[in-house]
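Coordinate inspection notes
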Protein chains: 2
Amino acid sequence: MICERTFPLNTENNKLQLVRLGIDTKNEFIIFMHAACFVCKSEGFEASTRILVTANNESIIATLDIVHSDILKPFQASLSENAWERLGVKEGDFVTLSHENPVTSLKFVRSKIHGNELNSGEFDAIISDIVAGKYSNIHLASFITACANNNLTMNEMIHLTKSMIKVGEQLHWDHPFVMDKHSVGGIPGNRTSPIVVAIVAAAGLTIPKTSSRAITSPAGTADTVETLTTIDLSIKKMREVVSKEGGCLAWGGAIGLSPADDIIIRVERSLDIDPTGQLVASVLSKKAAVGATHVVIDIPVGTTAKIRSDQDFIKLNECLNRVGKAVGLNVYVLKSDGSQPLGIGIGPALEAKDILAVLNNETHAPLDLKQKSIILAGAILELGNKALPHQGALLASQLLENGTARKKLIAICEAQGGFKEPPTANYTHAIVAPHKGSVTEIDNRSLATVAKLAGAPHDPAAGIEFFARIGTQIEKGQLLYRIHAESKGALQYALDYARSTPNIIKIHRE
Amino acid sequence: MICERTFPLNTENNKLQLVRLGIDTKNEFIIFMHAACFVCKSEGFEASTRILVTANNESIIATLDIVHSDILKPFQASLSENAWERLGVKEGDFVTLSHENPVTSLKFVRSKIHGNELNSGEFDAIISDIVAGKYSNIHLASFITACANNNLTMNEMIHLTKSMIKVGEQLHWDHPFVMDKHSVGGIPGNRTSPIVVAIVAAAGLTIPKTSSRAITSPAGTADTVETLTTIDLSIKKMREVVSKEGGCLAWGGAIGLSPADDIIIRVERSLDIDPTGQLVASVLSKKAAVGATHVVIDIPVGTTAKIRSDQDFIKLNECLNRVGKAVGLNVYVLKSDGSQPLGIGIGPALEAKDILAVLNNETHAPLDLKQKSIILAGAILELGNKALPHQGALLASQLLENGTARKKLIAICEAQGGFKEPPTANYTHAIVAPHKGSVTEIDNRSLATVAKLAGAPHDPAAGIEFFARIGTQIEKGQLLYRIHAESKGALQYALDYARSTPNIIKIHRE
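Residues numbered from 1 in each chain as written. Chains lettered and ligands numbered in written order. Predicted model: local features only at pLDDT ≥ 70, side-chain atom pairs only at ≥ 80, totals over all residues.

When chain A is brought onto chain B, the operation consists of a screw motion whose angular component is 180° and whose axial shift is 0.0 Å, with 0.0 Å RMSD remaining. Here the two chains are linked by the operation of a two-fold rotation axis. A shared interface surface links the copies, since 98% of the contact residues of chain A are contact residues in chain B too. (Least-squares fit on C-alpha atoms with pLDDT ≥ 70 in both. Contact = placed C-beta atoms within 7 Å.)

Take a look at the structure:
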């Protein structure tokens, strides 16, 4: 008995006909096959087997779910929506199924787990298999964990970064100075990029900025900019915007520069970690891929920021500089205050509102966000030879205050697909002070959790307005922060967490 | 707009009605909900969200797949088969859905990733959350990887082992000597347990043996015994068998002793790793849970075995002894030859046939399997005061050769549910020597891969018959091993791998 060939079509080639069940798994590629399927039987496939699926000359490795009901017939298969899209198939197409060839790069992952140093070829193999969709979530999580906790040497970070650059597209520009910036995360509301890009482009420099979505924070720059304009630009469109306006604010994930990073970040988010080696490779691979030559990197340091001590800062600074040099980037690192949120808003739309307030020179615009943007833009202007040493900040503040930067941001947004005002949430709840005193400490991580539970970044209008900076004198009942949510469920969930977590904002009784 | 309440039933409680789609995911719990579902909308759930699912006063955390077709209606939900079983639901039942509370033990996993030593309370929290089904595959893979590569201190191994004992049931017997044995894996065909249990029980000792299924090998003892009798015994049934026959050969997974281990092993299999700390905790937690007092542990050492050097052996020996002592077990470790397979068969049924040949005293019975079983059984007889020092092996060989052990095995099988003969595969292919010479080396790992690709352990009759022990003089064209498979696809796949992998059996030209 080899199999019951009740449905004789194409059995000789292990082919099944596709039916679209429309199942969105978001993560892993899944293939659905019926329990009585002749391919399962002849190939010995069981649930959770990893299977090579080929259609239209494209192949992926998918995890098998076995269906025991009549939503599929034994001669049919279905794919999760991400696999459907990746293979570019349509209903009725045939897919060819076979055992995956053992994913040879997994032996390098095991070698890393066992504490060995990997060479550049081994990282190339791992990263290209990851981008080819050959790693399950289990494999990805293991690779990321094995590389965490300072387990990568400097050479390994360089190899990893180069592998991540190689596997994606790389842009080239006809300028000796192609500027970029990056802020290491961990500080809610740290949304300087749109302001910095507007100033730097207004000064006549080239700054093809790509940003990512949130990893573990309530908003990434891409999430924030998405509330103002279109962010999923093609490379062609990005070139157009940059050649017209000098700068852009694109989502890196859409462009496919450093595609490995997009996959790795998803798993890091699930683990709520962002290890140094991956962080360095992630940041620098994107900067190199975008064709940058000079990069200013802002590292906020604070007890609840991502980088918590001067020691960690010094180490990260060194890694960024050395890996940057190895991949041809001129890196300049700035240390900033990471003790509390920047601006008022935390969450995509709320942060976008802060940005607009700063660019509009409104009186209530958050001063800290403005000042930090000026410092970063100033550093870039000096690095790009647009200002003499120590005079970059002055030029930056002029461009901001005379409205040139505002015009540039609107122009960039219009070039990307049109400018729009950020949305406002339907549900809000005020958190007030339980007693009088002065604010002595902010738990950034828990504050970010409240914003995330309220729906950020998935719900663009969700998040927090924050009014309790360190040192503020607070009366009993005074507004500390306001939670914004797009749904009642999310608001309640954020509220439950906020109420049950002590000392998110520490108020010292005086 | 909070949600479209097109289907008003039970919306106030976030309830959905179950439809059985019959999707077997094997691994993670999955919940399927429609894209237009009011619960998704009001709670802000998106694909891959982890959701708390409650029914019949039981809760699990499941990963959300969002369905965009009409296999579900917006007021319905479905569960993967494992979740369906865990919650004990039936079609038409309602499930209540809410955001999972943050899984607090994940912060201990992150702490471990960052290289910190965990205490007993932290391991308890992790292990009980794992058993409660709160960890996704990503979380499990990260925890396992963070504990690999000697990242656990001796104290951590003790904590982990105790946590794994605590979380399951623990048996107690009214005997001062409750014997057990374990062989560390890595050697194909190392299936001494059924023979050892038969001898030891025949000698009048108590040996309530539980075994696991394969982790990374072509067969675990449980897989092999399953071709001879029923292995999924309840604790009650296991007690009956042991009180009647002195011993049993049960599958540990069915009994629910050390349930954490069953979950962890599944992920280790996918990663193809078996780290020391987990190995020690896995082995000893099962021995303690089964109520053993004295345990003989066989560690094969060889270049392609799981333990590859004397140094690794010494380390593992120390870990087993110290952790054993801490959890109240008298551990005795034996080192054995791990350079080549034991017996002829590799794979569940083929190994069972070797076992029967030894017990039947057949002339072609594999001598190495017989001798090793006698040594292990002898050590247990001495440890259990049934033989004087250095006289255990003699008693063991007598019990084997006079047929008492054979009768005992049959009696145990009958007590467990009936004895049956192991099955035979439909497809076989002989691999012959390409040239004359003598066998100098066996790549156990690749040989095991061939057997696994042929279908073992999932297909019980699949595997390898092995005829090329080290030192054997081989003529050109002489049979080296024979691949057995239950399907043509699996046979072809095993064959492709065998042909493309050099030196699985190294034949030195003379």
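Once that is clear, we can look at the domain arrangement of chain A. Quoted interface sizes are often the accessible area lost when the parts come together. Looking at chain A, the domain boundaries give domain 1 (11-99), domain 2 (106-166), domain 3 (179-258 + 272-416) and domain 4 (427-508). Using C-alpha coordinates to define each centre, domain 2 of chain A is positioned 38 Å away from domain 4 of chain A. (Domains from an automatic or database assignment.)

The next subject is the interface of chain A and chain B. Residue-level contacts link 51 residues of chain A with 50 residues of chain B. Counting residues per element, the ones that place at least two in the side of chain A that touches chain B are β2 (23-24), α1 (38-43), β5 (58-67), α3 (106-113), α5 (137-146), α11 (259-271) and α19 (488-500) of chain A. With 7 residues, the top contributor of residues to the side of chain A that touches chain B is α5 of chain A. Tallied by class, residues from the side of chain A that touches chain B come to 17 nonpolar, 22 polar and 12 charged. Where β5 of chain A meets strand β2 (residues 23-24) of chain B, 2 bridges bridge the pair, whose relative direction is antiparallel. Each bridged residue has a counterpart across the sheet, and for Ile-66 of chain A the counterpart in β2 of chain B is Asp-24 of chain B. (Helix = DSSP H or I, 4+ residues; strand = E, 2+ residues; numbered from the N terminus. Nonpolar A, V, L, I, M, F, W, Y, C, P; charged D, E, K, R; others polar. Pairing = 2+ DSSP bridges.)

All names here are of chain A. With 5 of its 5 residues buried, strand β9 (residues 207-211) lies for the most part within the structure. By the alternation rule, side chains of β9 split into Ile-207, Lys-209 and Ser-211 and Pro-208 and Thr-210, which are all buried. With 5 bridges connecting them, β9 and strand β10 (residues 247-251) associate as parallel partners. The partner of Lys-209 across the bridge, within β10, is Leu-249. (Buried ≥ 20, exposed ≤ 12 C-beta atoms within 10 Å, placed from the backbone.)

Take the packing of helix α6 (residues 154-166) of chain B against helix α13 (residues 310-326) of chain B next. All names here are of chain B. At a minimum axis separation of 10 Å, α6 and α13 run at an interaxial angle of 50°. Relative to α13, α6 is oriented oblique. The chirality of how α6 crosses α13 is right-handed. Between α6 and α13, the residues in contact are Met-154, Met-157, Ile-158 and Thr-161 and Cys-319, Arg-322, Val-323 and Ala-326, respectively. Considering only residue class, the contact of α6 with α13 consists of 6 nonpolar, 1 polar and 1 charged. (Axes fitted to C-alpha atoms, helices over the stretch in contact; angles between N-to-C directions. Parallel < 35°, antiparallel > 145°, perpendicular 65-115°, else oblique. Left-handed = near helix turned anticlockwise from the far one by under 90°.)

This part takes up the pairing of strand β11 (residues 294-301) of chain B. All names here are of chain B. For β11, the tally of buried residues reaches 8 of 8 residues, placing the bulk of the element in the interior. Burial along β11 is two-sided: His-294, Val-296, Asp-298 and Pro-300 and Val-295, Ile-297, Ile-299 and Val-301, pointing in opposite directions, are all buried. Judged from the 5 bridges that link them, strand β8 (residues 179-183) and β11 form a sheet pairing that is parallel. When the sheet's bridge partners are listed, Met-179 is paired in β11 with His-294. The β-α-β motif built from β11, the intervening α13 and the parallel element strand β12 (residues 330-337) has right-handed crossover chirality. (Right-handed = clockwise from strand over helix to strand, strands pointing away.)

Residues and elements named next belong to chain B. The strand order across the open sheet built from 4 strands is β13-β16-β18-β14, with neighbouring strands paired in antiparallel fashion. Across the chains shown, the open sheet's two edge strands, defined by having one partner strand only, are β13 (345-346) and β14 (427-432). Judged from the 2 bridges that link them, β13 and strand β16 (residues 463-466) form a sheet pairing that is antiparallel. Opposite Ile-346, over in β16, you have Ile-464 as the bridge partner.

Once that is clear, we can look at helix α18 (residues 444-453) of chain A. Residue and element names in this part refer to chain A. For α18, a buried count of 8 out of 10 residues is recorded, marking the element as mostly surrounded by other parts of the structure. What α18 keeps buried is the set Asn-444, Leu-447, Ala-448, Thr-449, Val-450, Ala-451, Lys-452 and Leu-453. In the core, the buried residues of α18 are packed alongside β13 (345-346), β15 (437-442), β16 (463-466), β18 (479-485) and α19. Gly-455 sits one or two positions beyond α18 and adopts a positive phi of about 125°.

Attention now moves to the packing of helix α7 (residues 193-202) of chain A against helix α14 (residues 348-359) of chain A. Residues and elements named next belong to chain A. Where α7 meets α14, the closest approach of the two axes is 9 Å, and the angle between their N-to-C directions is 35°. Two secondary-structure elements touch here, α7 through Pro-194, Ile-195 and Ala-198 and α14 through Ile-355, Val-358 and Leu-359. In terms of residue class, the contact of α7 with α14 is made up of 6 nonpolar, no polar and no charged.

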